[in-house]
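A look at the structure
Chain residues, written in single-letter form:
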Amino acid sequence: MGNNKSRRADRAGRPPMSSPGRPPVGRREHRQRFWEAIARGLSSEDAGRVAGVSPVVGCRWFRESGGMPSRSLAPLSGRYLSFAEREEVAILHAQHVGIRAIARRLRRSPSTISRELRRNAATRGGALEYRATTAQWHADRRARRPKVAKLAANGALRRYVQERLAGVLTATDGTAVPGPEVRWKGRRHGPRKDRRWATAWSPEQIANRLRVDFPVDASMRVSHEAIYQALYVQNRGALRRELVSCLRTGRALRVPRARTRTHGKKFVGAECRLSQRPPEVTDRRVPGHWEGDLILGLGSSAIGTLVERTTRFTLLLHLPRMDAHGQPRVKNGPALAGHGSEAVRGAITSSLTTLPERMRRTLTWDQGAEMAQHALLRADTGLAIYFCDPHSPWQRGTNENTNGLLRQYFPKGTDLSRYSRAELATVALALNSRPRKTLGWKTPAEALSSYLYLLQPNGVATTA
């Protein structure tokens, strides 16, 4: 029986090989759909679902490739049989349709069908059984043309890149300065964590410096993209994966550009995007449109800020710490530092509900977790709430400018929880009593009072 198996394997036209294991979870088409979804900004889990595989497989594909699609995923030309054609070949062959009849139906050469049935058949069972999935697996393995990376083949070039990327720092006398000891965990460094000290040249600096140091030697050339691929793609085999910690970002995986544009909090729906905000907010002609944010201090202390876009009138939100601050936090419990979503919603509601309804039109905030209860805030105050794009503070320019002014009173790195509600009101009064050039040297309090007076013609409104 063993001789029969070997003879059938010989007839298949394949050289002897050890078992490559089971076929992969997804075929080329699945990976193509996966990376097309990634390019549109979808998460690895969602891209896996779009491709027709499980979310776990999608995450695995993204991590194994370092966040970079392989060049081998380009669409096949019509010269090669597709998986749909192989499925049709398998069905017709099982129906004992002749090779020439199959070829006529597929508009292929009979020799192509004959070679397909022979070379890509399954021989494990001792017979030449043709199945589309197995045939596609054999075809994909045979189509691989692994090209040795330039950094893997050129030792001098690889050493040059490693020394500039991950070389040890030296003092003026030439002694090595290793810096803090940091263990590689396969993840990006956390906030406020020690990072590895290295020469840390960027791949672009290395690629362009090669032309200066080796103007004649053409073998000492490599593109910055090749360096990135050697770092992030595991099967390149040129540079160790942990060297990504020497890059400025320190990312363990590359982030697709489209994903950075669409990334945001899950509680921010399409109707809350800044693009849906009424155009009247931009021209600042109508008061009642607010911008808000938190300024943070030592020990996760915070003060909320609200600024009206037209009058620049400022309100400060008192966000005291909870009594249980310093104790272990309960899972899914409130933020003990005092600026959780419920605390911020209550502070905004108590500050703005004292104003007339016409002064409560819209509120623009960044995508911080403190606004997770924005739907309830809208029901409490009547505000239409809109969120800026991720990492776009300039979309709240009025608020950012005000926060810079407030840092004169609340510097970074200081404990902001020690200020009482009355002290915050005092600082807000100082800002609202300053004349502003943009208001024709009126103060924000005067500008707001003028508008409130128009809303109440029978009485004089005040901002006290």
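Each remark here, short or long, concerns the structure printed above.
Cut-offs used in this document
- Residues numbered from 1 in each chain as written.
- Predicted model: local features only at pLDDT ≥ 70, side-chain atom pairs only at ≥ 80, totals over all residues.
- Heavy atoms only, no water.
- Buried < 20%, exposed > 50% of the residue type's maximum accessible area, 1.4 Å probe, protein only.
- Helix = DSSP H or I, 4+ residues; strand = E, 2+ residues; numbered from the N terminus.
- Pairing = 2+ DSSP bridges.
- Right-handed = clockwise from strand over helix to strand, strands pointing away.
- Axes fitted to C-alpha atoms, helices over the stretch in contact; angles between N-to-C directions.
- Parallel < 35°, antiparallel > 145°, perpendicular 65-115°, else oblique.
- Left-handed = near helix turned anticlockwise from the far one by under 90°.
- Contact = heavy atoms within 4.5 Å.
- Core = buried A, V, L, I, M, F, W, Y, C linked by side-chain atoms within 4.5 Å.

Our next topic: the pairing of strand 3 (residues 289–296). Where burial is concerned, most of strand 3 is hidden: seven out of the eight residues are buried. Note: strand 3 against strand 6 (residues 362–365), three bridges, orientation parallel. By the bridge assignment, histidine 289 is partnered in strand 6 with threonine 362. Taken together, the seven bridges between strand 3 and strand 4 (residues 302–308) define a ladder with antiparallel strand orientation. Within strand 4, the position partnered with tryptophan 290 by the bridge is glutamate 308. In this antiparallel pair of consecutive strands, strand 3 and strand 4, the connection spans five residues, and glycine 299 shows a positive phi of 65°.

What follows is about the pairing of strand 6. Regular strands show a simple pattern: their side chains alternate between the two faces of the sheet. Because side chains alternate across strand 6, one face comprises the buried residues Thr362 and Thr364, and the other comprises Leu363 and Trp365, equally buried. Across four bridges, the pairing between strand 6 and strand 7 (residues 384–387) is parallel. Residue pairing in the sheet places tryptophan 365 in a bridge with phenylalanine 387 of strand 7. Read from strand 6 through helix 16 (residues 374–381) to strand 7, the crossover connection turns out right-handed.

Take the packing of helix 2 (residues 28–39) against helix 3 (residues 44–51) next. Direction vectors running N to C along helix 2 and helix 3 enclose 140°, while the axes themselves pass 8 Å from each other. With respect to each other, helix 2 and helix 3 are oriented oblique. Between helix 2 and helix 3 lies a crossing whose hand is right-handed. Listed contacts from helix 3 to His30, Arg33, Phe34, Ala37 and Ile38 of helix 2 are Ser44, Ala47, Gly48, Val50 and Ala51.

It is worth spelling out the nonpolar core at this point. Trp290, Leu306, Ile348, Leu352, Leu363, Trp365 and Met371 are the most contacted members of the largest nonpolar core, which totals 26 residues. Of all the secondary structure elements, the ones that give two or more residues to this core are strand 3, strand 5 (314–317), helix 15 (341–352), strand 6, strand 7 and helix 19 (444–455). Membership of the second largest hydrophobic core comes to 23 residues, among which are Ile206, Leu239, Val244 and Cys246.

Secondary-structure assignment places glutamate 64 in helix 4 (residues 55–64). A residue is classified by how much of its surface remains accessible, and glutamate 64, at 39% relative accessible area, is partly exposed. A C-alpha to C-alpha distance of 9.4 Å links glutamate 64 and leucine 253, two positions 189 residues apart in sequence.

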